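Survey of secondary and tertiary structure
Spelled out, the chains give:
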Amino acid sequence: MTNSIADMEESKCFLITGTNTTENHPVISTFIKRAVTQRGAKLILADPRNIELAKFATVHLRQRPGTDIAWLNGMMNVIIAEGLANEAFISERTENYDALKETVKKYTPEYVEKITGIPAGDLKTAARLYATSGASSIVYAMGITQHVTGTDNVKSCANLAMLTGNIGRPGTGVNPLRGQNNVQGACDMACLPGNLPAYKKVAEDAERKPFEDAWGVKLPGKPGLTIPLVVEGAAKGTIKALYVMGENPMMSDPDITHVEHAFKNLELLIVQDIFLTETGRLAHVVLPSAAWAEKEGTFTNTERRVQRVRKAVGTPGEARDDWRIITDIANKMGANWNYDSARAVFEEVAKVTASYAGITYERIEHKGIQWPCPTKEHPGTPILHSVAFTRGKGLFSVCEYQPPAEQTDADYPFALTTGRILYQYHTATMSRRSKGLNSRTPEAFVEINTDDAKKLGISQGDRVEITSRRGTIEVVADVSGRVDKGVVFIPFHYSEAAVNRLTIAAIDPVANIPQYKVCAVKLRKVA
Amino acid sequence: MTITIDGKEYTFTPGQTVYEVARDNGIAIPVLCHQEQLKPVGACRVCVVEVQGARSLVASCAMPAEKGMVVTTTSERVLKARRLTVELLLTQGHHNCLVCESNGDCVLQSLAYSLGIDTPRFAEPPTVKPLEQANEMIVRDMNKCILCGLCVRACNEIQVNQVLDFSGRGPTASVGPAFNLAYEDSSCVFCGECVRLCPVGALYEKQGRFKSRAGEARKVRTTCEYCGVGCQMDLNVKDGKVVKVSTPRWNATPPNHGSLCIKGRFGFDFLDSPERLTKPLIRVDGELKEASWDEAVAYVADKLAVIKEKNGPDSVAGFSSARCTNEENYLFQKFLRAVIGTNNVDHCVRL
Ligand code: SF4
Ligand code: SF4
Ligand code: SF4
Ligand code: FES
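Fair warning: this is a prediction, and the values are worked out from it, not measured in the lab. (Residues numbered from 1 in each chain as written. Chains lettered and ligands numbered in written order. Predicted model: local features only at pLDDT ≥ 70, side-chain atom pairs only at ≥ 80, totals over all residues. Heavy atoms only, no water.)

What to know about the overall build of chain B
Along chain B, the regular secondary structure elements total 8 helices and 16 strands. When its C-alpha atoms are laid out on the principal axes, chain B stretches across 95 × 50 × 35 Å. Counting the 351 residues in chain B, one finds 58% classified as buried. Pairs at least 24 apart in sequence give 58% of the contacts found in chain B among residues at least 6 apart. In the form shown here, chain B has an accessible surface area of approximately 14,700 Å², with 53% of it arising from carbon and sulfur atoms. (Helix = DSSP H or I, 4+ residues; strand = E, 2+ residues; numbered from the N terminus. Buried < 20%, exposed > 50% of the residue type's maximum accessible area, 1.4 Å probe, protein only. Contact = heavy atoms within 4.5 Å. Areas by Shrake-Rupley, 256 points an atom, 1.4 Å probe, with all protein chains shown as cover.)

Digging into helix 15 (residues 322–332) of chain A
Owing to its 3.6 residues per turn, the α-helix brings residues three or four apart onto one side. Looking only at helix 15 of chain A, the buried set comprises Asp322(A), Trp323(A), Ile325(A), Ile326(A), Thr327(A), Ile329(A) and Ala330(A). Count one or two residues on from helix 15 of chain A and you reach Gly334(A), which has phi positive near 100 degrees.

Quick look at the nonpolar core
If you look at the biggest cluster of nonpolar residues, it comprises 90 residues, and the most contacted ones within it are Phe14(A), Leu43(A), Trp292(A), Val86(B), Leu235(B) and Phe270(B). Residues contacting Leu235(B), with those up to four places away along its chain left out, are Trp292(A), Ala293(A), Ala312(A), Arg218(B), Lys219(B), Val220(B), Thr222(B), Val242(B), Lys244(B) and Val245(B). Ile329(A), Tyr356(A), Ala296(B) and Tyr299(B) belong to the second largest nonpolar core, which has 55 residues in total. (Core = buried A, V, L, I, M, F, W, Y, C linked by side-chain atoms within 4.5 Å.)

Considerations on the packing of helix 15 of chain A against helix 8 (residues 326–340) of chain B
In a packed pair of helices, the relevant descriptors are the angle between the two axes and the axis-to-axis distance. Put simply, helix 15 of chain A and helix 8 of chain B touch, their axes get as near as 9 Å, and they point 15 degrees apart. By the angle class used here, helix 15 of chain A and helix 8 of chain B are roughly parallel. Considering how the two elements wind past one another, helix 15 of chain A and helix 8 of chain B form a crossing that is left-handed. Contact with helix 15 of chain A, carried on its side by Asp322(A), Trp323(A), Ile326(A), Thr327(A), Ile329(A) and Ala330(A), involves Glu328(B), Leu331(B), Phe332(B), Phe335(B) and Val339(B) of helix 8 of chain B and no other residues of that element. For the contact of helix 15 of chain A with helix 8 of chain B, the residue count by class is 8 nonpolar, 1 polar and 2 charged. (Axes fitted to C-alpha atoms, helices over the stretch in contact; angles between N-to-C directions. Parallel < 35°, antiparallel > 145°, perpendicular 65-115°, else oblique. Left-handed = near helix turned anticlockwise from the far one by under 90°. Nonpolar A, V, L, I, M, F, W, Y, C, P; charged D, E, K, R; others polar.)

Quick look at the domain arrangement of chain B
In terms of domain boundaries, chain B breaks down into domain 1 (2–74), domain 2 (217–276) and domain 3 (281–350). Here domain 1 of chain B and domain 2 of chain B have C-alpha centroids that lie 34 Å from each other. (Domains from an automatic or database assignment.)

Some remarks on the site of ligand 1
Around ligand 1 sit 13 residues, and of these Cys155(B), Cys188(B), Cys191(B), Gly192(B) and Cys194(B) come closest. When grouped by side-chain class, the residues that make up the shell around ligand 1 number 10 nonpolar, 2 polar and 1 charged. (Near = heavy atom within 4 Å.)

Thoughts on the packing of helix 2 (residues 76–90) of chain B against helix 3 (residues 107–114) of chain B
Residues and elements named next belong to chain B. The geometry of helix 2 relative to helix 3 is characterised by a closest axis approach of 10 Å and an angle of 135 degrees between their N-to-C directions. By the angle between their directions, the pair helix 2 and helix 3 is classed as oblique. Like other packed secondary-structure pairs, helix 2 and helix 3 cross with a definite hand, here left-handed. Here Val86, Leu89 and Leu90 of helix 2 lie close against helix 3, whose contacting residues are Leu108, Leu111 and Ala112. For the contact of helix 2 with helix 3, the per-class residue count stands at 6 nonpolar, no polar and no charged.

Quick word on the pattern of salt bridges
If the charged atoms of two oppositely charged side chains come close together, the side chains can form a pair. Residue and element names in this part refer to chain A. Throughout the structure, instances matching the rule amount to 46 salt bridges over all chains. Between arginine 208 and aspartate 205 there is a salt bridge; the shortest N-O distance is 3.0 Å. Note that arginine 208 and aspartate 205 are positioned in helix 11 (residues 205–215) at a spacing of 3 residues, about one turn of the helix. A salt bridge links glutamate 465 to arginine 524, with the shortest nitrogen-to-oxygen separation between them at 3.0 Å. With a gap of 59 residues between them, glutamate 465 in strand 18 (residues 463–467) and arginine 524 in strand 21 (residues 519–525) connect regions that are remote in the sequence. Look at glutamate 465 and you get partly exposed, because its relative accessible area is 21%. The exposure class assigned to arginine 524 is partly exposed, which follows from its relative accessible area of 45%. In this structure, a network of salt bridges that share partners links the residues Glu23, Arg49, Glu447 and Arg482. (Salt bridge = Lys/Arg side-chain N within 4 Å of Asp/Glu carboxyl O.)

Some words on the sheet that holds strand 3 (residues 59–61) of chain A
Residues and elements named next belong to chain A. Sheet architecture is open: 5 strands sit in the order 3-2-1-5-6, paired in parallel fashion. Sheet topology places strand 3 and strand 6 (174–176) at the edges, where each strand pairs with a single neighbour. Neighbouring strand axes in the sheet, compared pairwise and without regard to direction, differ in orientation by 15 degrees on average. Pairing geometry for strand 1 (residues 13–17) and strand 5 (residues 136–140), over 5 bridges, is parallel. Bridge pairing in strand 5 links threonine 17 to tyrosine 140. Docked against the sheet, helix 3 (residues 68–81) engages strand 1, strand 2 (42–46) and strand 3, running at close to 160 degrees with respect to strand 1. (Pairing = 2+ DSSP bridges.)

Things to note about the sheet that holds strand 10 (residues 268–273) of chain A
The strand order across the open sheet built from 7 strands is 14(B)-13(B)-11(A)-10(A)-9(A)-15(B)-16(B), with neighbouring strands paired in mixed fashion. Since the sheet does not close on itself, it has two edges, and those belong to strand 14 (287–290) and strand 16 (345–347) of chain B, each with one partner. Between one strand axis and the next, the sheet turns through 20 degrees on average, direction left out of account. Relative to strand 10 of chain A, strand 9 (residues 241–245) of chain A runs parallel, the two sharing 5 bridges. Within the sheet, the bridge partner assigned to Tyr243(A) lies in strand 10 of chain A and is Ile270(A). Packing of helix 12 (residues 227–236) of chain A onto the sheet brings it into contact with strand 9 of chain A together with strand 15 (316–320) and strand 16 of chain B, and relative to strand 15 of chain B it is tilted by some 140 degrees.

Re the packing of aromatic side chains
On inspection of all chains with the given rule, the structure shows 12 aromatic pairs over all chains. For the ring pair Tyr107(A) and Tyr111(A), a centre distance of 5.6 Å and an interplane angle of 65 degrees mean the geometry is edge-to-face. The exposure class of Tyr107(A) is buried, given its relative accessible area of 1%. Residue class for Tyr111(A) comes out partly exposed when judged on its relative accessible area of 31%. Here the aromatic rings of Trp215(A) and Tyr330(B) are separated by 6.1 Å at their centres, their planes lie at 75 degrees, and the arrangement is edge-to-face. Of the two residues, Trp215(A) sits in helix 11 while Tyr330(B) sits in helix 8, which places them in two different chains. (Phe/Tyr/Trp six-rings, centres within 6.5 Å; stacked < 30°, edge-to-face > 60°.)

Quick look at the structure:
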């Protein structure tokens with residue numbers, strides 16, 4: 001996030017898209033709902049589903065899945081046409097505006113309506129609200145990134161914010177909500193194939209060099225493979241060994257039938273986890289690790305706040321801290337690591353990671369610090385880009401609408417979108433083993449529009465078979481107005497009805513994010 | 001601008017209440033229905049004080065400080081009124097502290113104690129209402145409800161879940177979801193904000209029942225491990241087990257200021273699942289068999305070394321996790337880069 005969570009209460013207008021915030025980031029949604037109900041902030045919701053936040057929306061744009069660039073460009077078209085662009089901000093802080101202007105010219109509200117199904121009048125209302133509130137904040141999540149055009153979707157959000165000068169001030173910003181607890185930290189720590197800690201590039205000799213010095217080894221300069229490409233490599237036999245720590249790709253990755261085949265092809269699959277997951281069952285070695293309440297360390301939240309995790313109880317049986325397991329394996333392979341605690345690891349992190357340099361366990365004892373925090377005296381950074389963008393001037397990117405990789409047709413007439421729900425979490429390894437959480441929604445379901453259900457003879461609670469070009473699953477029908485006609489929604493938490501048997505492995509060419517949010521399916525009532 | 005409290009003058013900023021000015025200057029006026037995040041309503045009248053020139057006592061939590069005001073917080077008149085209020089609250093329900101989950105951590109109990117109330121003057125109501133405990137998370141014991149309204153305001157003003165409200169009047173007055181529905185049949189999402197703010201034992205966590213009395217559990221502050229909000233919470237630990245997750249009734253610590261959702265507040269019991277892995281496993285003849293750590297570490301290190309030797313470092317890859325800590329993620333990528341020699345490291349950021 002460019003801004004802080006608390007800062008949301010200062011916002012006068014929210015544009016919320018691709019996040020079912022009340023279910024996936026419940027406590028953040030309370031800041032938004034308070035701003036709307038108690039301080040009169042406006043809320044523009046762009047979501048194909050009739051989610052809880054729709055109750056609080058000033059205007060709800062229900063776009064067809066996979067058409068985000070079209071409506072985002074459409075909003076910019078209206079803003080420019082009606083003279084609502086922030087010319088001062090554009091000339092001082094940005095470049096490439098003319099190209100943007102040229103691109104969005106054809107995205108008139110009427111043209112956009114044809115692509116997205118959003119009434120032209122609603123789009124205009126939304127554009128005016130966003131451009132004129134004085135402090136507008138864009139909030140998005142996986143619903144924006146999990147598309148073939150995910151990278152362009154994100155850039156389009158940035159374009160809109162720059163066009164109206166809604167960045168770098170309280171109540172504004174482009175605020176992606178990170179899904180899992182420490183996605184931000186895992187990225188900062190460089191569990192990414194092209195990066196070293198603090199987003200230094202492995203391919204740049206000068207950026208790699210300090211790490212070679214700090215770690216005392218020569219490092220490879222060729223960027224590595226992303227998850228989908230590793231799975232590809234395993235299937236082809238170029239990847240022989242895979243070490244999986246705390247992750248369950250046999251549930252979370254798209255087209256898991258293919259993933260299973262690829263993993264079975266490996267010479268060595270190491271899985272380190274707290275439960276025997278679907279992936280663990282395929283492993284050659286399983287290493288039992290500590291759960292969060294059993295270890296010391298830090299997580300970095302979605303607003304870049306580095307916070308402490310503390311050990312409250314011991315590990316069961318012989319399970320061990322992950323840092324210790326990795327250290328033991330490294331030393332067995334000839335490394336000479338001598339960490340004796342998570343704190344010792346963190347001290348090294350602060351030494352090699354400029355944005356974490358000023359953070360110590362002592363400083364975050366009572367309250368976390370938001371990076372960048374370059375020195376021990378620095379208070380941390382609640383708002384990014386307040387005087388300049390990281391690259392100097394903000395660059396308007398040209399993004400054109402492209403239809404999703406797989407479109408509906410006569411054989412597969414429904415657009416399937418997937419996501420999370422409040423009561424389960426990710427691949428549900430923990431939430432399904434929690435009595436309270438699991439009691440709420442123990443079973444997988446599919447949301448179907450009332451009219452579609454009627455046509456197919458499906459009623460609430462019926463068992464339904466859902467088939468894509470890649471697989472079939474069976475779930476219970478939840479018939480309501482939550483999804484639009486022609487759209488179905490399935491949460492991805494349930495292994496017995498793993499929706500990722502249906503999803504498509506098509507990926508965004510830049511970020512390599514799978515297109516979970518749309519694929520084509522057909523439905524049938526099970527007799 | 002100044003105001004006089006208990007004979008001393010204090011400066012204040014306009015907009016502050018009498019209670020806030022007193023609190024900021026170390027004068028403790030007891031409150032019950034007041035909480036810092038909520039708009040004051042002045043409902044319970046526990047916080048009453050005498051204001052010179054005013055005919056009746058005023059609720060200090062809802063009274064704006066005014067220039068030249070003269071306030072007395074502990075006169076006999078004030079104490080008498082407070083005592084009466086608390087006695088009436090005590091006799092509204094069955095306050096059997098002996099078996100109450102909030103015993104020792106109850107605002108009403110503390111008030112009764114500090115005001116020196118030994119036996120309440122009035123009799124308890126005769127009817128006993130049944131507990132609502134069908135759901136797995138929250139127990140409602142309306143026998144102990146003192147109608148302070150904190151749960152209603154927590155649900156509507158803090159979480160904005162709009163589930164709870166008052167209904168009825170006089171002896172039939174109650175709080176709860178509309179149409180007197182049980183929590184599990186209403187639109188309640190089990191965030192537990194109402195439990196957090198309830199000052200008595202009317203709302204409590206089911207999993208924690210009979211597991212630890214106030215003061216017995218050690219509270220360990222940590223960060224929630226479910227979503228990226230990173231809420232701060234206290235794990236209540238007794239006899240080596242997490243028995244409950246709690247947050248203080250008032251807490252200004254970012255990012256969540258004491259609020260949680262169902263996952264953070266009620267999703268910790270997987271820790272004690274019998275399915276937890278407790279020993280390393282190695283596949284032998286197609287089956288995963290228990291092994292020692294020495295065997296497992298040697299197995300992994302040897303196999304990785306052989307594969308790296310034969311096929312080069314880029315035949316090895318690692319998937320890390322957004323669930324793990326920064327320290328673990330840092331070491332994991334350092335292991336692949338510095339020990340194996342490949343950049344094939346990624347995590348589920350995209351998933
Ligand atoms: S648990 Fe949350 S949603 Fe349910 S009644 Fe209490 S405050 Fe409201
Ligand atoms: S349930 Fe608790 S918080 Fe709600 S009105 Fe009763 S005593 Fe107050
Ligand atoms: S308590 Fe809920 S909102 Fe807060 S971090 Fe945990 S899962 Fe996220
Ligand atoms: S605390 Fe002031 S009226 Fe209840």
